[in-house]
Amino acid sequence: MVVSIVLVTAGTWMFGPVTPASAIVPPQSIVHAQPSPTRTSGVLRDSVTGEAIPNSCVVFSPVSSPGMTNYTEVDLAGYWSFETDEVGPFNLAFYTTANGDCSQPILPSPVPSWYINQPLDGTDEHVIVPPNGATAVPAGSSDVVACLGVDALPTSPCAPSTVALSGTVVTVGNTPLSDVCVIAIGAGGDIVLAISDASGRWSFSGFPPNFSVVLGLLPRFGPAGDPCNSGNGPPPPPAAGKLQPVFYNNIWLNLADPDLLDDPVSWALAHGATLITQPRTGLRVCLTAAAGTVVPRPTCAASAPIDPVLPATGTDVAPLLASGVLLTLLGVLALAIRPRRVRDSSGAVRSNTHRASTDRGHRRLRDR
């Protein structure tokens, strides 16, 4: 039975029904399904040399909403990616700027273009519009290959990339190590990643001319199938008796040192790491469980050969991973690479702050 009562609260009369407790139904939350972010990725290279192009950028815009645009930077090895909630497809534009800030004026050389090899008019990425001949890319594509010509739009397929760095990682007894995270860190703050295969082999392709990097090698710290995924933040330093990370050439990489996380390139060079400034193949790296206090660090074999300097030849054996893993890896270094010009402190893709969300790993397009 439901009756009416009168309640007095602070001098105010309130009337209302009384419902038996057994009849009270708690409020129900309405849950709206959220779209899953989709990652789209590819490479941008010089049309003749196959090398990465410094200070290059990618604009992406939904075909259904050409007024919605955003951009992402191209990394040291020519790779790029972006994540969105939009279902696509997207129009893509490729160009360079003077300092790598993708919001700055578009340079005339290399000749900017829409995908695939269509003219790009204008110098302001905010207002560029795809021509009728542009080819849209489905959201989630992972094999987009584009190139730019120095003086004209390419009229032939993009030149294949060449191996810039390659080698093998082993442990005691020259036993190959798989799932080792090989990190190339550019002097300007760029980070790219390769993972060693079952034979311990790894490689990087497409570096621009006159590159300079230090190499860090970390034993697997993520779950099976995702060896370089530490979740949030850097991986814990390996325990005593476990394989220890190193910088090339045989310099202990101390993950517990905050100075390393603040500026890994300066830390590496100050501790004796090798700055690599030319294509090299056959680099051999040894990981052991020796404590970091052991100097010099032991080799994996008494007759270990000296790493030769060779021309870059061959094909990728452990291709660079796309930006999704790259963004995870930035967590490895605590998002602490020093800025390169306008690049954010993580070395990751620069946010277009007036139109992009603050989440570096997930950017939702917004109207300008």
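Our structure's up above, just so we're on the same page.
Rules and cut-offs
Residues numbered from 1 in each chain as written. Predicted model: local features only at pLDDT ≥ 70, side-chain atom pairs only at ≥ 80, totals over all residues. Heavy atoms only, no water. Pairing = 2+ DSSP bridges. Helix = DSSP H or I, 4+ residues; strand = E, 2+ residues; numbered from the N terminus. Axes fitted to C-alpha atoms, helices over the stretch in contact; angles between N-to-C directions. Core = buried A, V, L, I, M, F, W, Y, C linked by side-chain atoms within 4.5 Å. Buried < 20%, exposed > 50% of the residue type's maximum accessible area, 1.4 Å probe, protein only. Contact = heavy atoms within 4.5 Å. Disulfide = S-S within 2.5 Å.

Caption draft 1: Quick peek at the sheet that holds strand β10 (residues 144–148). Taken together, the three strands give an open sheet; going across it, the order is β6-β3-β10, and neighbouring strands pair in mixed fashion. Each of the sheet's edge strands pairs with one partner strand only, and the pair in question is β6 (79–84) and β10. Adjacent strand axes in the sheet meet at a mean angle of 30° when their direction is disregarded. As defined by bridge partners, strand β3 (residues 38–46) adjoins β6 across six bridges and the pair is classed as antiparallel. Its bridge partner being in β6, S41 is matched across the sheet by S81.

Caption draft 2: Spotlight on the nonpolar core. Core analysis: the largest hydrophobic core is formed by 26 residues, its most contacted members being L165, W202, F204, F207, L215 and L217. Elements with a minimum of two residues in this core: β11 (163–171), β13 (181–186), β14 (191–195), β15 (201–205), β16 (213–218) and β19 (280–286). Among the nonpolar cores identified, the runner-up in size contains 18 residues, and I185, I191, L193 and A273 belong to it.

Caption draft 3: Local environment of the sheet that holds β16. In space, the five strands of this open sheet follow the order β14-β13-β16-β17-β18, with antiparallel pairing throughout. Each edge of the open sheet is held by one strand with a lone partner, namely β14 and β18 (251–252). Pairing of strand β17 (residues 246–247) with β18 involves two bridges; the strand directions are antiparallel. Considered in β18, the bridge of F247 is made with I251.

Caption draft 4: Region of the structure containing the side chain of S113. Note on placement: S113 falls in strand β8 (residues 113–114). Not counting residues up to four positions away in its chain, the partners in contact with S113 are L92, A93, F94, Q118, L120, L148 and L153.

Caption draft 5: Expanded view of the state of the cysteines. Counted under the stated rule, the structure contains four disulfides. Each sulfur in the disulfide pair C147 and C158 lies 2.2 Å from the other. Note on the C147 and C158 pair: the S-S dihedral is about -80°, so by sign convention the disulfide is left-handed. Highlighted residues: C147 in strand β10 and C158 in the loop between β10 and β11, separated in sequence by 11 residues. The class of C158 is partly exposed, set by a relative accessible area of 25%. Shown here is the disulfide that connects C181 with C228, its sulfur atoms set 2.0 Å apart. Judged by the sign of its S-S torsion, about -115°, the bond between C181 and C228 is left-handed. Residue C181 is found in strand β13, and its partner C228 is found in the loop between β16 and β17; the two are separated by 47 residues along the sequence. C228 matches C181 in its accessibility class, with the two residues each being buried.

Caption draft 6: Representation of the pairing of strand β4 (residues 56–62) within the structure. Buried residues dominate β4, accounting for seven of its seven residues. Alternating positions in β4 separate into two faces, S56, V58, F60 and P62 on one and C57, V59 and S61 on the other, with burial throughout. Pairing geometry for β4 and strand β7 (residues 90–96), over seven bridges, is antiparallel. Each bridged residue has a counterpart across the sheet, and for S61 the counterpart in β7 is N91. Both β4 and strand β5 (residues 70–73) contribute to a ladder of four bridges, which runs antiparallel. What sits directly across from C57, in β5, is E73.

Caption draft 7: Spotlight on the pairing of β13. With six of its six residues buried, β13 lies for the most part within the structure. Covered by surrounding structure in β13 are C181, I183 and I185 together with V182, A184 and G186, the residues of both alternating faces. Here β13 pairs with β14 via five bridges, running antiparallel. Its bridge partner being in β14, A184 is matched across the sheet by V192. With antiparallel pairing between neighbouring strands as the criterion, β13 and β14 make up a hairpin whose turn holds four residues, including G189 at a positive phi of roughly 110°.

Taken by themselves, the reported measurements are silent on function.
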